[in-house]
Amino acid sequence: MAPPPAARPDLGAADAFVWHPGPPPRLAPVAKVAAVDLVLLKGVERQKEILLENTLRFARGLPANNAMLWGARGMGKSSLVKAAHAEANAEAPGALALIEIHREDIRTLPELLNILRGQERRCLVFCDDLSFEREDADYKALKSVLDGGIEGRPANVLFYATSNRRHLMPRDMIENESRGAIHGQESVEEKVSLSDRFGLWIGFHNCDQDTFFAMIDGYAEILGLPATQEDLHKAAVEWSVTRGSRSGRVAWQFVQDMAGRLGVRIPA
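Residues numbered from 1 in each chain as written. Predicted model: local features only at pLDDT ≥ 70, side-chain atom pairs only at ≥ 80, totals over all residues. Heavy atoms only, no water.

Caption draft 1: Local environment of the overall build of the chain. Within the chain, the regular secondary structure consists of 9 helices and 7 strands. Of all 268 residues assigned to the chain, the portion counted as buried reaches 47%. In the chain, the share of contacts with a sequence separation of at least 24, taken over all contacts with a separation of at least 6, comes to 77%. On the chain, roughly 14,100 Å² of surface is accessible, and the fraction owed to carbon and sulfur atoms is 50%. (Helix = DSSP H or I, 4+ residues; strand = E, 2+ residues; numbered from the N terminus. Buried < 20%, exposed > 50% of the residue type's maximum accessible area, 1.4 Å probe, protein only. Contact = heavy atoms within 4.5 Å. Areas by Shrake-Rupley, 256 points an atom, 1.4 Å probe, with all protein chains shown as cover.)

As structure tokens, this is what we get:
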């Protein structure tokens, strides 16, 4: 009377998939990943070096760490994950499958890992904008599969996540736990220990104006924008003021706008 077991997914059908827990659970192939070329990510050179090296080691079958990319919004955290995956597959075609799991589905991560366990292809499971709120117990499922549990994380799976929060929890939530509970520090340690499961913590910070200009100049050179550096910088300052921030995302949005004004096409 039980339903038939789910068919094993064909991980050779694509280089990227989106996890849908169902029912029935399935991995939906992604025909084309919305990725930015690694060379276009400016102002995060050290972060690129660390994550790319870790990803390439994993794709080559060598030991590698789960990674948490945290920090300022718009500085290229999720773009860097997708670019590193593309670089790994450029070096060894088909070596690595990128599997996106949505934040609201994180409680089903153990089910996904059981499906991937024993597969020959190496898989990079990716959760973008991961964070947890008060009374949210989903973090326990993530803790158990990252570093604990009887089965542990499959050898062919690595987990990357991005977050604006270093410890994945709101600061006021951590402080309230510490003040309000009978054993406040123990409660805090339980929640903060989730971030300790990531072997790599890669921080992204707000960029200053010089870094912002360097991003603009780099994009302009690669795309061949027919404008002087002085004109670009002047327009970029105005653009950043209207957006209220400086970041890689704001720089790229500005360059897209300038390319449109100047009649320059951006390769897809």
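Caption draft 2: Expanded view of the packing of helix α1 (residues 45-59) against helix α2 (residues 77-91). With their axes 9 Å apart at the nearest point, α1 and α2 run at an angle of 45° to one another. Comparing the axis directions of α1 and α2 gives the class oblique. Our pair here, α1 against α2, has a crossing hand that is right-handed. Of α2, the residues touching α1 (which contributes Q47, K48, L51, L52, T55, L56 and A59) are L80, V81, A84, H85, E87, A88 and E91. (Axes fitted to C-alpha atoms, helices over the stretch in contact; angles between N-to-C directions. Parallel < 35°, antiparallel > 145°, perpendicular 65-115°, else oblique. Left-handed = near helix turned anticlockwise from the far one by under 90°.)

Caption draft 3: Representation of the pairing of strand β1 (residues 16-20) in the model. Within β1, 4 of the 5 residues are buried, which leaves the element mostly enclosed by the surrounding structure. Here 3 bridges tie β1 to strand β4 (residues 96-100), and the two strands are oriented parallel to one another. Following the sheet pairing, A16 is matched in β4 by L98. In this sheet, strand β2 (residues 26-29) lies alongside β1 in antiparallel orientation, the contact comprising 4 bridges. Residue pairing in the sheet places H20 in a bridge with R26 of β2. In this antiparallel pair of consecutive strands, β1 and β2, the connection spans 5 residues, and G22 shows a positive phi of 85°. (Pairing = 2+ DSSP bridges.)

Caption draft 4: Summary view of the sheet that holds strand β7 (residues 200-204). Taken together, 7 strands build an open sheet; the order of strands is β2-β1-β4-β5-β6-β3-β7 and the sheet is mixed. The open sheet has two edge strands, β2 and β7, and neither has a second partner. Each strand axis lies, on average, 25° off the axis of its neighbour in the sheet, ignoring direction. One ladder, built from 4 bridges, connects strand β3 (residues 67-71) with strand β6 (residues 157-163); its direction is parallel. Bridge pairing in β6 links A67 to Y160. Packing of α1 onto the sheet brings it into contact with β3, β4, β5 (122-127), β6 and β7, and relative to β7 it is tilted by some 150°.

Caption draft 5: Examining unusual backbone geometry more closely. For the bond running from G22 to P23, omega is 10°, close enough to zero to count as cis. The omega angle of the peptide bond from P23 to P24 is -10°, so this bond is cis rather than trans. Counting through the fold element by element, P24 comes out in the loop between β1 and β2.

Caption draft 6: Inspection of α1 at higher detail. When the terminal C-alpha atoms of α1 are compared, their 21 Å separation across 15 residues agrees well with the 21 Å that a helix rising 1.5 Å per residue should span. Every buried residue belonging to α1 is among Q47, K48, L51, L52, N54, T55, L56, F58 and A59, and all of these are buried. In this structure, the buried side of α1 is in contact with β3, α2, β4, β5, β6 and β7. Two residues or fewer after α1 comes G61, characterised by a positive phi angle close to 90°. (Expected span 1.5 Å × (residues − 1).)

Caption draft 7: Main features of the pattern of salt bridges. All told, the structure shown has 5 salt bridges when counted by the stated rule. Of the charged contacts, one joins E49 and R46 as a salt bridge, the two residues approaching to 3.1 Å between their closest N and O atoms. In this pair, E49 and R46 are both assigned in helix α1, 3 residues apart and thus about one turn of the helix distant. By relative accessible area, which is 46% here, E49 ends up partly exposed. Residue classification places R46 among the exposed residues on the basis of a relative accessible area of 51%. (Salt bridge = Lys/Arg side-chain N within 4 Å of Asp/Glu carboxyl O.)

Caption draft 8: Up close: the side chain of S78. For S78, the location among the structural elements is in helix α2. Apart from residues no more than four positions distant in its own chain, S78 is found in contact with F126, D128 and T162.

Take it as geometry only, folks, not as evidence of what the structure does.
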